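These are the residues of each chain, in order.
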Amino acid sequence: MSTLRQTYDRYLPVVLGVAFLLALVFFPFFESDSPYWVYVGANALFYAILASSWALLAGYNGQFSFAHMAFMALATYVSGIIGRETGIWAMNLSPWVSIPIGVAVAGLVGLLIGYLCLRLRSTYLALFTIAFAEILRLVLKAEIDLTGGPNGLYLKTFNLPFLEGLTRVASTYAPMYYTMLVVFLVSLAVMYALVNSKYGIFFRAVREDEEAAAALGVHVVRVRILAFVVSSMIAGLAGAVFHHSPGIGIIVPDEMIIGRMSLVIAMAVIGGSNNLMAAAIGALFLHFSLEWLQEIPVPDALMPWLLQNQARLEAWGLGVGEVGLKTNAWRMVAFGILLMVTLRFWRNGLISPILERIMQARAKEEVARGRAAKAGKDLADVDKLVVDEEANEGGQ
Amino acid sequence: MRLELKNVVKQFGGLTAVNGVSFTIEGSQLVGLIGPNGAGKSTLTNLISGILKPTSGEIWFNGERIDGKPPYYIAAKGIGRTFQVTRAFRRMTVLENLLTPGLAKFGNRKSRAQLEEEAMEILRFLTMDHLRWEYASNLSGGQQKLLELGRLLMMDPDLIILDEPFAGVHPKLQRTIYDYIKRVKERGKAIILISHDMESIFTLSERLIVLNFGTLIADGPPEEVKENPEVIEAYLGKDEEEDQFLPTAA
Amino acid sequence: MSTVLLHIAAQPLGVSGEFLLNLLIQGLLIGVIYALMALGLTLIFSVLGIVSFSHGEFYMIGGYVVYLFLQKFGPSLPRWLSGFGALLAAVLVTFLIGVVFERLFLQPMARGEVDRPNEYAILTTFGLAFFLQYVMLGIMGPFPKKAKRFFNLPVFDAGYIKATKATLMIGGINISAGRLIAGLIALVALLAMLYFMFKTWTGRALQATSQDRQAAAVVGINPMNMNTLAFGLGAMLAGLAGAVLVSVYSWVPWVGVIASSKSFVIIVLGGMGSIPGSLLGGLIIGVVESLGTGLFPDPARAQAYRDVFGLVIFALVLLIKPTGLFGRKL
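Some details on the overall build of chain B
Regarding its fold elements, chain B presents nine helices and ten strands. In terms of C-alpha radius of gyration, chain B reaches 18 Å, essentially the compact-globule figure of 18 Å for 250 residues. For chain B, the residues scored as buried account for 46% of the 250 residues in total. If you take every contact in chain B between residues at least 6 apart in sequence, the share linking residues at least 24 apart comes to 65%.

Structure (structure tokens):
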């Protein structure tokens, strides 16, 4: 195997990873004249954290929970309620204190739900978590005195004086963006640490075959509950930080409707639910796409036609904006179709296979080696074999 | 190593799958567990390994009562088992399959590198070391069986229950499994071997336990059990095709 | 006799016997509609082996079809004709969508071409729900719609029992025409469905497939076609439930979400795959909701908690006895 190819395979993931990180870090500076897109970026990061933490529970550990947004909201509401100055259970705490408490509560409830779900499989688990999420949402909506009801709860926003300078340079939403970026990176780090530890193996073993895993000594109870607790705490952290951010400052119960949960699930599934990074990238990409698709820019030549047919378009729920076609709900329809098609034909997601190709060059080499050895060929020929295989793949 | 069953009974509704079975296995015996289909062998295995809880009776292992404990607890105590239908972790690599029990038992004491080294050694013994990056789903049936056996070695149990290890395996692989069983015995482990392959059972076992309709009808050295009229009736009464079941050359 | 019992039951609760009776009747009326929808879900589960997470969306579409039909053809047709036409349209449209979806996305699963079928079924029916919600949002917009009542009650006065166009009054109990008609249509549909399931060849073929696919195939029933039929029928029943309720509740594209929830509650309570279970479960949930809301100590929050009762029962059943009243294991 040529050393050039070897170097390429070994360092490609690193280079791409660094490039990706740099893009995330410097994004606001590129968009400093359109604060809207920085705001979108912060939202995208929020969804990326939710999608990847859901992937941890559902993709890695096989527990298809629909309670993820419920934990997101729970931590946020707890933090908001105890953090406010006046009201029931108000303790006037700074977000730096109330957020960890909110996250801790989410973790405890995650522990409880995880425990309750131990005997539930797949469809029953999905149904039970849906019930839990809906009950929580309805209670939040009903208890107006405590939560502000359907109109939502106002939260203290935090000041980050050291990030104030950024507002001038990068955009009004830069502080919010960077806060979310930090949470995103921290969450990914935590999840990767977990996934690369023995628990990563246990998560997947339990997903593959719980009984067989137990027969091999894997403490399935601990593993399943751990997955729930970690994913619920990360969802809670994302929610609490996001909603306390300057620029948001409020949470409404309808943010956790099943529809939002499906959005997160759809992002994770389209990205690749068995790969944290794929789910995160899927979420980022899809969120940006959905925002961009709100108004599809149209060449100047076509604008008159659009304006002429405006009434007809509006009858179908579309619209005409300043630069192009307003898609409104129809972009979500396209998203729904994408979800169903991906599920049918690319079960592992669209981004996951790409990531796997990048990351597993070394493993592929060994597999090829192994197959060659099995065929009884002389190892000296293996190099030739591997090169041939790759040439064939390139031609596909 | 001491496994003791005291009057173990398992009922499913009206059906009594295991009917007051008692026996003790000590040291490093290789015990064959045989009986016609439906005799209760798999149920008994599930009872010992903790997947099922006895309706009544006790199961003791190394001085501790284990009936009713969860399977992972029992596995951690030193009982390992295979399944009739192989249950490899399909979307994990061969190496990861092996690491699972290793990490479960020794994760706190041994490093990952150490465990990988042990896994590779086992793979070499099973002549599967070139497959370590393959996903288990890409393996052939026979290789998956070997993988399951390899996983058992990684958890270093005191007692191994092999549920039909030779089923559907071609002769070359059978040889490897034979070697595996011999090697495991050499390491001082006890083995309970469930099989319909009478030749293998009779060659390997030092002791035979025979079940019929959930009841233990014979327990002793193979030569004795072979002559036991109840045993003969249990088999011959059921299945004409199995008239070759007892090897003629004793 | 029963009125006496009701009066006795009512005393400790501090309400009149009539109030209680009213709650009961309302509960039963809505319960019949719930039962109809749950029957659809049970049918899908027992033949295809999956829980359809898009069931509520068919309910939603049924409602919208009626609304649109009445809007378009209502003025030009006599009331009763447009009513029937609307119902028919709703039934046909939902059946068709169900069949198309099943053929495209669920058949591969039934043929064994899909990995992890359970997961796939959940996700793909969820995907369909997502898709349908947003299509209707695009077509109808987010503002609530309500259809006009399509049947009027005959006006009469027989002393104890009276009726205006919009309300039936029995003694001191008022029942709105919309709910009454909805309940009656649902009841007729239920009986028709039961007749179909138990007295016709196709219906019995469906049952056979649900009990043992291979045996059914051996006697000449095509399980794949049964799958399609079951899913179409299931969707249709949900659509019919929506069709009758669109003149009672106001309709938005996500009205199906809570309908789905309720259907799940009912089939779990009644036992997955059990027809009597879904019927009984529907009635129970209808009554429980009605009584719960009516007797809730704080009337301001009562309505808000209406849907919680069923969900709590649901969660408890899942934890304590997942097979429900009559069901078989999932």
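Structural notes on the confidence of the model for chain A
All names here are of chain A. Per-residue pLDDT for chain A has a mean of 86; in total, 89% of the residues score no lower than 70. Least confident of the elements in chain A is helix H19 (residues 382-395), whose mean pLDDT is 48; most confident is helix H11 (residues 220-244), at 96. In the model, residues 377-383 has pLDDT below 50 throughout and makes seven contacts with residues more than four positions away in sequence or in other chains.

Some thoughts on the interface of chain B and chain A
Taken together, the contacts link 28 residues of chain B with 22 residues of chain A. Those elements that place two or more of their residues in the side of chain B that touches chain A are helix H2 (71-77) and helix H3 (94-106) of chain B. Here the element with the most residues in the side of chain B that touches chain A is H3 of chain B; it accounts for seven residues. Here the residues of the side of chain B that touches chain A sort into 16 nonpolar, four polar and eight charged.

A look at the sheet that holds strand E3 (residues 30-34) of chain B
Residues and elements named next belong to chain B. One open sheet holds the six strands; their spatial order is E6-E7-E8-E3-E9-E10, and the pairing between them is mixed. Both edges of this open sheet fall to strand E6 (79-81) and strand E10 (215-220), since each of them pairs with a single strand only. This sheet shows a mean twist of 15° between the axes of neighbouring strands, independent of strand direction. In this sheet, strand E8 (residues 190-194) lies alongside E3 in parallel orientation, the contact comprising four bridges. Among the inter-strand pairings, Leu-30 is bridged to a residue of E8, identified as Ile-191.

Examining the environment of Val-317 of chain C
Residues and elements named next belong to chain C. Position of Val-317 among the secondary structure elements: in helix H12 (residues 299-320). In the structure, Val-317 is positioned 52 residues away from Val-265 in sequence and 8.9 Å away in space, judged by C-alpha atoms. Every residue in contact with Val-317, bar those within four places of it in the chain, is listed here: Val-268, Leu-269, Pro-322 and Gly-324.

Thoughts on the arrangement of the chains
When the two pairs of chains in contact are ranked by number of contacts, first place goes to chains A and C. In this structure chain B stays clear of chain C, and the shortest span between their C-alpha atoms is 11 Å.

Remarks on the environment of Pro-12 of chain C
Mapped onto the elements, Pro-12 of chain C comes out in helix H1 (residues 2-13). Each C-alpha atom, one on Pro-12 of chain C and one on Thr-125 of chain C, is 46 Å from the other, the two residues being 113 residues apart in sequence.

With respect to the interface of chain C and chain A
Between chain C and chain A, the residue contacts involve 40 residues of the former and 36 residues of the latter. Those elements that place two or more of their residues in the side of chain C that touches chain A are helix H4 (79-110), helix H5 (117-140), helix H10 (255-270) and H12 of chain C. The leading source of residues in the side of chain C that touches chain A is H5 of chain C, at 17 residues. The residue inventory of the side of chain C that touches chain A, partitioned by class, reads 29 nonpolar, seven polar and four charged.

What about the pairing of E3 of chain B?
All names here are of chain B. Burial of E3 is extensive: five of the five residues sit out of reach of the surface. Covered by surrounding structure in E3 are Leu-30, Gly-32 and Ile-34 together with Val-31 and Leu-33, the residues of both alternating faces. Summarising the sheet, E3 and strand E9 (residues 207-212) pair through four bridges and their orientation is parallel. Each residue of the ladder has a partner; that of Leu-33, found in E9, is Ile-209.

Calculation notes
- Residues numbered from 1 in each chain as written.
- Chains lettered and ligands numbered in written order.
- Predicted model: local features only at pLDDT ≥ 70, side-chain atom pairs only at ≥ 80, totals over all residues.
- Helix = DSSP H or I, 4+ residues; strand = E, 2+ residues; numbered from the N terminus.
- Rg over C-alpha atoms; globule rule 2.2 N^0.38 Å.
- Buried ≥ 20, exposed ≤ 12 C-beta atoms within 10 Å, placed from the backbone.
- Contact = placed C-beta atoms within 7 Å.
- pLDDT = per-residue confidence, 0-100.
- Nonpolar A, V, L, I, M, F, W, Y, C, P; charged D, E, K, R; others polar.
- Pairing = 2+ DSSP bridges.
- Axes fitted to C-alpha atoms, helices over the stretch in contact; angles between N-to-C directions.

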